[in-house]
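Each chain, letter by letter, is given below.
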Amino acid sequence: MKVIDINPYTVLKTGFFCKRGKKDCEGYQKKLKWLEARFAEGMRIKMLNPSEGGRGFIEYIPGEYAWRPVYAEGYMFIHCLWVAGESKGKGYASQLLEDCLTDASHRGMNGLAMVTSESDWLVSKRFLFGEGFESMDQAPPTFELLVNRFNRAPAPSFPKNWDERLRRLGDGLTIVRTDQCPYVDEGAQAALDAAKELGLRTRVVELKSCREVREYAPSPYGVFSIVLNGRLLSYHYLSKKDLLPRMQEALRFENSMRRPRRKSRAAASPAKPRRRRQSPSPRKK
Ligand SMILES: CC(C)(COP(=O)(O)OP(=O)(O)OC[C@H]1O[C@@H](n2cnc3c(N)ncnc32)[C@H](O)[C@@H]1OP(=O)(O)O)[C@@H](O)C(=O)NCCC(=O)NCCS
């Protein structure tokens, strides 16, 4: 299978993998614009040749420019690796990784790094273990930072203040977004629609640089987060139908956590309101 190099000169002709069939949609156009600046920072995308029926790609960038909240200077950072449909199980992901590895080695990097998750929308760590990667750091709930090291340079790491990042977003539903992924637009709209149905206060925070992602993103995926009252609901696209029960469950959980506290406060005060002491009746002389 031929692998196509997508770069600033070819991108308009070849397109990139996600939403290739819907080039007019807002998410695709936003990513196209986002890519212009990324290519200058050393980003590369390699895509399985669609004319041969290939369905898959890898997107990577030097770690200092990664749109993930990671400290990975000197490492090549893989944003996305996706092999889909009939292309799966034929060794293509290994082939794309091998191409990335060769490129990183030619560019004098210390190794390759990638965020994994045991939930959806990212590769699982088990796949990367089989490709020579090791786990270097973890973040809640199921994220891990996997690295294939070429030398003994200091390993990449995650920030540690996830709770603080979530708390900073305050109450209500917050969508933290970027233009890195063409599915973000639909994901954000679905979350806003679901929140509206539940009468929740909403706001959208747009992260506009890799530095902002590194400092403020409330989840290791970095480029999209749905946060409800300081809790991460999802880091990837979910339909309104899938989101509504998650939101309702999160709200029910919060209420159940509040109730006992109210009860105990009530228990601490006497059941009946204390009667005001009546002023003593004037003594009869
Ligand atoms: C994981 C993934 C990349 C594998 O792609 P693939 O082309 O089918 O993988 P390959 O055929 O190159 O397999 C290479 C090896 O990994 C193994 N492997 C594949 N998927 C695996 C998995 N999920 N867990 C563990 N091992 C896996 C294969 O068995 C094979 O092992 P072998 O060399 O011993 O035979 C692909 O399934 C995928 O894209 N998953 C979704 C990832 C995602 O959500 N991306 C988000 C988009 S940004």
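The written sequence of each chain sets the order in which its residues are numbered from 1. Confidence filtering applies because this is a predicted model: local features only for residues at pLDDT of at least 70, side-chain atom pairs given and counted only at 80 or more, and all residues used for totals across whole chains, interfaces and linings.

## Digging into the site of the ligand
Nearness between a residue and a molecule or strand is assessed with a C-beta atom placed from the backbone; a distance within 6 Å qualifies. In the vicinity of the ligand there are 18 residues, among which Cys80, Trp82, Val83, Ala93 and Ser94 approach most closely. Of all the secondary-structure elements, those providing two or more residues to the shell around the ligand are β4 (76–83), α3 (92–106) and α4 (125–129). In terms of residues, the shell around the ligand owes the most to one element, β4, which gives four residues. Residue classes follow a fixed rule: Ala, Val, Leu, Ile, Met, Phe, Trp, Tyr, Cys and Pro count as nonpolar, while Asp, Glu, Lys and Arg count as charged, and any other residue, Gly among them, counts as polar. Taken together, the residues of the shell around the ligand break down into ten nonpolar, five polar and three charged. Where helices and strands are cited, they refer to DSSP runs of H or I of at least four residues and of E of at least two residues respectively, numbered from the N terminus.

## A closer look at the domain arrangement of the protein chain
Per the domain assignment, the segments making up the protein chain are domain 1 (3–149) and domain 2 (162–255). Domain delimitation follows an automatic or database domain assignment. Spacing between the C-alpha centres of domain 1 and domain 2 amounts to 23 Å. Contacts are defined on C-beta atoms placed from the backbone: any two residues whose C-beta positions lie within 7 Å are in contact. Every contact between the two is made by 21 residues of domain 1 and, on the other side, 18 residues of domain 2. If you tally residues by element for the side of domain 1 that touches domain 2, the top one is helix α2 (residues 26–40), at six residues. For the side of domain 1 that touches domain 2, the class distribution of residues is 13 nonpolar, two polar and six charged.

## Observations regarding the confidence of the model for the protein chain
For the protein chain, per-residue confidence averages 91 on the pLDDT scale, and residues scoring 70 or more make up 91% of the total. Predicted confidence is poor over residues 266–285, with pLDDT under 50, and the contacts of this stretch with residues over four places away or in other chains come to zero contacts. Along the chain, pLDDT gives the predictor's confidence residue by residue, from 0 to 100.

## Describing the nonpolar core
Think of a nonpolar core as buried Ala, Val, Leu, Ile, Met, Phe, Trp, Tyr and Cys residues, each tied to the set through C-beta atoms within 7 Å. With C-beta atoms placed from the backbone, a residue is labelled by how many other C-beta atoms lie within 10 Å of its own: buried for 20 or more, exposed for 12 or fewer, partly exposed between the two. Core analysis: the biggest nonpolar cluster contains 73 residues, and Phe77, Cys100, Leu112, Ala113 and Ala191 have the highest contact counts within it. Two domains each provide a minimum of three residues to this core, namely domain 1 (3–149) and domain 2 (162–255). Not counting chain neighbours up to four residues away, the residues in contact with Ala191 comprise Leu173, Ile175, Ile226 and Leu243.

## Observations concerning the packing of α2 against helix α6 (residues 184–197)
It is the contact of α2 with α6, at a shortest axis distance of 7 Å, that shows an interaxial angle of 130 degrees. Classified by the interaxial angle, the pair formed by α2 and α6 is oblique. Contacts between α2 and α6 pair Glu26, Gly27 and Lys30 from the former with Val184, Asp185 and Glu186 from the latter. Between N-to-C directions, angles span 0 to 180 degrees; the directions come from axes that are lines fitted to C-alpha atoms, helices contributing only their stretch in contact. Oblique is the label for any angle not covered by the other classes, which are roughly parallel (under 35 degrees), roughly antiparallel (over 145) and roughly perpendicular (65 to 115).

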